[in-house]
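# Breakdown of the fold
Residues per chain, in single letters:
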Amino acid sequence: EAQVTQNPRYLITVTGKKLTVTCSQNMNHEYMSWYRQDPGLGLRQIYYSMNVEVTDKGDVPEGYKVSRKEKRNFPLILESPSPNQTSLYFCASPQGIGELFFGEGSRLTVL
Amino acid sequence: GEDVEQSLFLSVREGDSSVINCTYTDSSSTYLYWYKQEPGAGLQLLTYIFSNMDMKQDQRLTVLLNKKDKHLSLRIADTQTGDSAIYFCAEALDSSYKLIFGSGTRLLVRP
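Residues numbered from 1 in each chain as written. Chains lettered and ligands numbered in written order. Predicted model: local features only at pLDDT ≥ 70, side-chain atom pairs only at ≥ 80, totals over all residues. Heavy atoms only, no water.

What chain B contains, in helices and strands, is 0 helices and 11 strands. Going residue by residue from the N terminus, the α and β elements of chain B occur as β-β-β-β-β-β-β-β-β-β-β. Projected onto the principal axes, the alpha-carbon positions of chain B cover approximately 40 × 25 × 20 Å. Within the span of chain B, comprising 111 residues, buried residues form 48% of the whole. Partitioning the intrachain contacts of chain B with sequence separation of at least 6 by distance along the chain shows that 56% fall at a separation of at least 24. (Helix = DSSP H or I, 4+ residues; strand = E, 2+ residues; numbered from the N terminus. Buried < 20%, exposed > 50% of the residue type's maximum accessible area, 1.4 Å probe, protein only. Contact = heavy atoms within 4.5 Å.)

So, on to the sheet that holds strand β6 (residues 55-58) of chain B. Residues and elements named next belong to chain B. Spatially, β1-β3-β8-β7-β6 is the arrangement adopted by the 5 strands of the open sheet, whose pairing is antiparallel. Since the sheet does not close on itself, it has two edges, and those belong to β1 (4-6) and β6, each with one partner. Direction aside, the axes of adjacent strands within the sheet are offset by 15° on average. The pairing of β6 with strand β7 (residues 61-66) spans 4 bridges and is antiparallel. Within β7, the residue paired with Q57 across the bridge is T62. (Pairing = 2+ DSSP bridges. Axes fitted to C-alpha atoms, helices over the stretch in contact; angles between N-to-C directions.)

Don't take any of this as a statement about function, it's just geometry.
And the structure:
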């Protein structure tokens, strides 16, 4: 069964305290991406990766970093979180052509 | 630029049909998607349609694509209370896996 697994699912942190949200997929696909969801804005792409060691900015990359050292993992790093990064984050990866699967989401609150 | 628009809210009575509409602007879209998000949950891929198709049916779901008008719709037959959720329309651009999302339509099914 195709799975995209994110951790943690919920996190409350304070401004400036570095955090990482992990993402792992079992579809053995080259492509992975991160989105954030905010009310009234739908989902917007933060970063994506076409393959191992290949990452690119999406539409809203400011304040985020990513890495892709292995095919199955694509962590999202917030070096110095700020309150405007309070959001619901989704990792995504395809299974085959056209079917983009999303993880369960990670709800982050930055105080 | 790229833009996907949906109405914000739809209310129907249980047993009726629901039709959720979406318009998009980019004519190079390859796939168009419908995702469902239940309260507190992640994004569930409901169905998708390739841009050279006009219609796709999957049990209670019917997707209609009018490429000339850049209009996509999702019809849910015999709507149930379990169908209450937010429905997101999304388009994939230029054979990539990047999705542009609408802001979501909240469907409320009244008993």
